[in-house]
Amino acid sequence: MQSFAGCAAVAGIGMTELTRQSGRTELELAAEACRAACADAGIVPGEVDGLLSYHMNDSAPVVQVARALGIERLRWHNDIAGGGTQAASVLGDAAMLIHAGVARNVLVFRALNGRSGTRMNTASTGPLERHTYGLAGPIPLFAMAATRYLHDTGLTAEHLHAVVAQSRRNAAANPRALRREPLDLAAYLAKPYVCTPLRTADCCLETDGACALLVSGVLDGPRIRAVVRGGGPGCSSMDRSPDVTAVFSAHVAPLLWAASGMRPADVRAALLYDAYSWLVPRQLEDFGLVAREDLGAYLLERRHAWVNPHGGLLSEGYVHGLNNVAQAVRELRAGRETALVTGFGGSYGSAALLTR
């Protein structure tokens, strides 16, 4: 067990409205979500002594957010560079601060104008762009990995549709969700490709909004049981990888089970980082939730309906994965015993287990 296991609880969650044009600054969005998380936890912002955020040069610095919230003294603060890989591991950062006695109440937030401002689909994929792969951003990069994964598993467009359509069905009862309309197979197949085999519906939403969590060592709530972060050669470094489909989950899943003392059968809520539809079966497989040979029938029979019950990043909105963590807290408050949350960034990422 990790030394910080169980010492920190997610005592509060807060979100702004999710839109495609907020008309507001990232600072305004962050402050609203943070105030909501504090109110949900039953404290005032002045009781916060730690503040963490992650970003890709598209957010408000934590010191500006602290000023907007009226927090006069912080014992620890950090702006963490990075995107989706941080969605789960930022829980570990907060828990370690609490375990070390550095802070008692740590606010974690992600704020972005991901549609009206800096858009993720234009983000650089790094030095690979200078080579001959033609990877002009993250979608072509992960589309290449998806092509190989579909070939290896025998999954088809029909299976990807099952992921997307179930996401929409789950989101139908979620008033926060941006995509709640049904999507039948014919309508899915009519969607234009962004980069084969990924259609527009296979890619997560571009969203303006903010989400915040209040992680506490003195308040009650779902407990942070284990957090891991890591990776290896894979779809972020295709020119050096023995397996271009090996996303983060292939590397961190064994670490998570070893660190937690738990098993896949213990998971009752799966909040999987669904930046692209094919990542859902890949993570189900890697975390031992479904065997590869069973994936096809599992998806077509919609047995994955328990995954991302709010609609996930494909249908609720894209707050760089932190909104999935907020949903994990809702699921545990509603009676689920254990929730798995993940953070994706190609072959590197993170995962966490929260318990009621």
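Residues numbered from 1 in each chain as written. Predicted model: local features only at pLDDT ≥ 70, side-chain atom pairs only at ≥ 80, totals over all residues. Heavy atoms only, no water.

## Quick word on the state of the cysteines
Enumeration according to the criterion identifies 0 disulfides in this entry. Distance from the sulfur of C204, which forms no disulfide, to the nearest cysteine sulfur (C203) is 7.1 Å. (Disulfide = S-S within 2.5 Å.)

## So, helix α4 (residues 138–153)
Given a rise of 1.5 Å per residue, 16 residues ought to cover 22 Å, and the 22 Å separating the end C-alpha atoms of α4 matches this to within 8%. The set of residues buried in α4 consists of P138, I139, P140, L141, F142, A143, A145, A146, Y149, L150 and T153. Buried residues along α4 sit in contact with α5 (157–171), β5 (193–195), β6 (198–199), α8 (279–286), α9 (295–300) and β10 (338–345). Where α4 terminates, the next one or two residues include G154, which has phi positive at roughly 80°. (Helix = DSSP H or I, 4+ residues; strand = E, 2+ residues; numbered from the N terminus. Expected span 1.5 Å × (residues − 1). Buried < 20%, exposed > 50% of the residue type's maximum accessible area, 1.4 Å probe, protein only. Contact = heavy atoms within 4.5 Å.)

## Considering unusual backbone geometry
Geometrically, the link from T196 to P197 is a cis peptide bond, its omega value of 5° lying close to zero. Tracing the sequence through the fold places P197 in the loop between β5 and β6. Phi at N57 takes a positive value of approximately 60°, unusual for a residue other than glycine. By the secondary structure assignment, N57 is in the loop between β2 (50–55) and α2 (62–69). Look at H320: it is not a glycine, yet its phi comes out positive at around 50°. Secondary-structure assignment places H320 in the loop between α10 (312–315) and α11 (322–333).

## Details of the nonpolar core
Counting residues in each nonpolar core, the largest one holds 95 residues, and the members touching the most others are L91, L213, V215, Y276, W278 and F287. Counting 24 residues, the second largest nonpolar core, distinct from the first, contains A11, I43, A66 and L107. (Core = buried A, V, L, I, M, F, W, Y, C linked by side-chain atoms within 4.5 Å.)

## Topic: the packing of aromatic side chains
For the structure shown, the criterion picks out 6 aromatic pairs. Ring plane angle 40° and centroid distance 6.0 Å describe the contact between Y273 and F344, whose orientation is recorded as tilted. Here the residue Y273 occupies a position in the loop between β9 (269–271) and α8, and F344 occupies one in strand β10, the gap between them amounting to 71 residues. You'll find Y273 and F344 in the same group, each marked buried. Ring-pair connections join several aromatic residues into one group, and the members of that group are F142, F248, Y273, Y276, Y318 and F344. (Phe/Tyr/Trp six-rings, centres within 6.5 Å; stacked < 30°, edge-to-face > 60°.)

## Some remarks on the pairing of strand β7 (residues 208–216)
Taken across its 9 residues, β7 has 9 buried, putting it largely inside the fold. Looking at chain direction, strand β1 (residues 9–15) and β7 are connected through 6 bridges and run antiparallel. If you follow V10 over to β7, its bridge partner there is V215. With 9 bridges joining them, strand β4 (residues 105–113) and β7 adopt antiparallel strand pairing. Paired with F109 across the two strands is A212, which belongs to β7. (Pairing = 2+ DSSP bridges.)

## Remarks on the pattern of salt bridges
Enumeration according to the criterion identifies 15 salt bridges in this entry. Measuring nitrogen to oxygen at the nearest pair gives 2.9 Å for the salt bridge that ties R303 to E301. A relative accessible area of 41% means that R303 is categorised as partly exposed. As a salt-bridge pair, E337 and R356 come within 2.5 Å of each other at their nearest N and O atoms. Separated by 19 residues along the polypeptide, E337 in the loop between α11 and β10 and R356 in the segment after β11 (348–355) bring together distant segments of the chain. (Salt bridge = Lys/Arg side-chain N within 4 Å of Asp/Glu carboxyl O.)

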